[in-house]
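This is what each chain is made of:
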Amino acid sequence: MSSTKDLLKVDDYCSKFNLSTLHPLVSVHDLSEGIWEGQEHTDVVQYHFYGIFLKQGEGCILKYGRQNYDYQDGTLVFLAPGQVVHVGHIDKNFKPSGYALLFHPDLLWGTHLGKTMTEYAFFSYQFHEALHVSKKERQMVLDLFDKIRIELSQGIDKHSKDVVVAHIELFLKYCMRFYDRQFITREKENLGVIQRFEASLNSYIQTGKAKELGTPSVSYFAQEQNLSPNYFGDLIKKETGKSANEHIQDTLIAIAKQKIFDPDKPLSEIAYELGFKYPQHFSRLFKKRVGYSPKEYRMLN
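Residues numbered from 1 in each chain as written. Predicted model: local features only at pLDDT ≥ 70, side-chain atom pairs only at ≥ 80, totals over all residues. Heavy atoms only, no water.

## With respect to the overall build of the chain
From N to C terminus, the chain includes 12 helices and 10 strands. Split into buried and exposed, the 301 residues of the chain put 46% on the buried side. Taking the intrachain contacts of the chain between residues at least 6 apart in sequence as the baseline, contacts between residues at least 24 apart amount to 74%. Accessible area for the chain stands at about 15,800 Å²; split by element, carbon and sulfur atoms hold 51% of it. (Helix = DSSP H or I, 4+ residues; strand = E, 2+ residues; numbered from the N terminus. Buried < 20%, exposed > 50% of the residue type's maximum accessible area, 1.4 Å probe, protein only. Contact = heavy atoms within 4.5 Å. Areas by Shrake-Rupley, 256 points an atom, 1.4 Å probe, with all protein chains shown as cover.)

Set out below in structure tokens:
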């Protein structure tokens, strides 16, 4: 079993490929210029900085969680500090290829990007969720990587940080656009995700899972479909106009209304059947969404 290797600094990654860094907090590399020093077995690696990788060619298998990342030729993968990945290689003659942009969180201190990094949800995406870029998009990525590389090669001055971070932020904004395009081009596939979500949500409540496991959560249904909560939530929002959590609450309220029509069923029992640990939490949500408390709604009907 492989032990986890911590990559604490940007240079820890670069030195693995015998690549030199021009700045201690940020680096851009054409990986084909490096020399691989790994082994045939899978390496388990924990990153302590941000990593963005544009894959080129075959020969490397990336696992995040227990399944293979959808990491094909011409895809972008985003890793954030604290994430653990499994990197396997097809044979001992593996030759690194592709491109990497690496930057430490310390680089972002005091910058606009440092305050807005959480907006780029694709850094928390897990498996099956690489960004597939077209040839035109790939060239845009390489152009921005090259601009960062040129800036770093000119030497560090008081403007270097601002210029480099600005290029990284522009690159991430383009990636937001690329991901939006990917959601659109996968519309048919996404529709299947939504249908399975709605069916599973109704089943979760009707079969008693809610009473056993608690109110349904976005992470539960995301895991069911081997998607991360952020990617799953983005997909549902873009396809339906509502967040996954809104869908869950709509379903809970709709089923609650049906149950409330039975005057012999205690309201506390309805709350427990829907997964609420405390009836007052159910009453609070119901009134917020309907405008009446469950008791008032029963009397009105």
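## Points about unusual backbone geometry
Backbone geometry places asparagine 18, a non-glycine residue, at a positive phi of 60°. The exposure class of asparagine 18 is partly exposed, given its relative accessible area of 45%. One non-glycine residue with positive phi stands out, namely asparagine 226, at about 55°. Here asparagine 226 shows up in the loop between α7 (218–224) and α8 (229–240).

## Quick look at the packing of aromatic side chains
Scanning the entire structure with this criterion turns up 24 aromatic pairs. For the ring pair phenylalanine 78 and phenylalanine 123, a centre distance of 5.5 Å and an interplane angle of 80° mean the geometry is edge-to-face. Of the two residues, phenylalanine 78 is situated in strand β7 (residues 75–79) and phenylalanine 123 in the loop between α2 (112–116) and β10 (131–132); the sequence distance between them amounts to 45 residues. Residue class for phenylalanine 123 comes out buried when judged on its relative accessible area of 4%. For the ring pair phenylalanine 78 and tyrosine 179, a centre distance of 6.3 Å and an interplane angle of 45° mean the geometry is tilted. Of the two residues, phenylalanine 78 sits in strand β7 while tyrosine 179 sits in helix α4 (residues 160–185), which places them 101 residues apart along the sequence. You'll find phenylalanine 78 and tyrosine 179 in the same group, each marked buried. Ring pairing ties together the aromatic residues Tyr50, Phe78, Phe103, Tyr120, Phe122, Phe123 and Tyr179, which thus form one cluster. (Phe/Tyr/Trp six-rings, centres within 6.5 Å; stacked < 30°, edge-to-face > 60°.)

## Regarding helix α3 (residues 135–153)
Its 19 residues give α3 an end-to-end C-alpha distance of 27 Å, which sits within 8% of 27 Å, the value for a rise of 1.5 Å per residue. All of the buried residues along α3 are Glu137, Val141, Leu142, Leu144, Phe145, Ile148, Glu151 and Leu152. Looking one or two places after α3, you find glycine 155, whose phi comes out positive at around 100°. (Expected span 1.5 Å × (residues − 1).)

## What about helix α11 (residues 279–290)?
The first and last C-alpha atoms of α11 sit 16 Å apart over 12 residues, in line with the 16 Å expected at 1.5 Å per residue. What α11 keeps buried is the set Phe282, Leu285 and Phe286. For α11, the buried positions fall inside an angular range of 100° around the axis, keeping them on one side. Turned more than 90 degrees off the buried face of α11, the exposed positions are Arg284 and Lys288. Looking at the buried side of α11, the elements it contacts are α9 (244–260), α10 (267–273) and α12 (294–300). Phi turns positive one or two residues past the end of α11, at glycine 291, with a value near 100°. (Arc of directions from axis to C-beta.)

## Side note on the pairing of strand β9 (residues 99–103)
Counting buried positions over the five residues of β9 gives five, a clear majority of the element. On β9, burial covers both faces: Tyr99, Leu101 and Phe103 on one face and Ala100 and Leu102 on the other are all buried. The pairing of strand β2 (residues 26–30) with β9 spans five bridges and is antiparallel. Pairing of histidine 29 across the sheet is with alanine 100, part of β9. (Pairing = 2+ DSSP bridges.)

## Things to note about the sheet that holds strand β4 (residues 50–54)
Read from one edge of the open sheet, five strands run β2-β9-β4-β7-β10, paired in antiparallel fashion. Each edge of the open sheet carries a strand with a single partner, namely β2 and β10.

## Section: the nonpolar core
Phe103, Phe123 and Phe171 are the most contacted members of the largest nonpolar core, which totals 64 residues. If you tally residues by element for this core, the top one is α4, at nine residues. If we ignore the near neighbours within four places in the chain, the residues touching phenylalanine 171 are Ile52, Leu76, Phe78, Leu101, Val141, Leu144 and Phe145. Core analysis: the second largest hydrophobic core is formed by 17 residues, Val10, Tyr13, Tyr47 and Phe53 among them. (Core = buried A, V, L, I, M, F, W, Y, C linked by side-chain atoms within 4.5 Å.)

## Notes on the environment of aspartate 11
Mapped onto the fold, aspartate 11 is located in helix α1 (residues 10–16). For the pair aspartate 11 and proline 24, spaced 13 residues apart in sequence, the C-alpha to C-alpha distance is 6.9 Å.

## Details of the packing of α8 against α9
At a closest axis distance of 8 Å, the pairing of α8 and α9 adopts a crossing angle of 75°. One way to sum up the angle between α8 and α9 is to call them roughly perpendicular. Each of Phe232, Ile236, Lys237 and Thr240 in α8 lies in contact with α9, whose residues at this interface are Ala244, Glu246 and His247. Looking at the contact of α8 with α9 residue by residue, the classes come out as three nonpolar, two polar and two charged. (Axes fitted to C-alpha atoms, helices over the stretch in contact; angles between N-to-C directions. Parallel < 35°, antiparallel > 145°, perpendicular 65-115°, else oblique. Nonpolar A, V, L, I, M, F, W, Y, C, P; charged D, E, K, R; others polar.)

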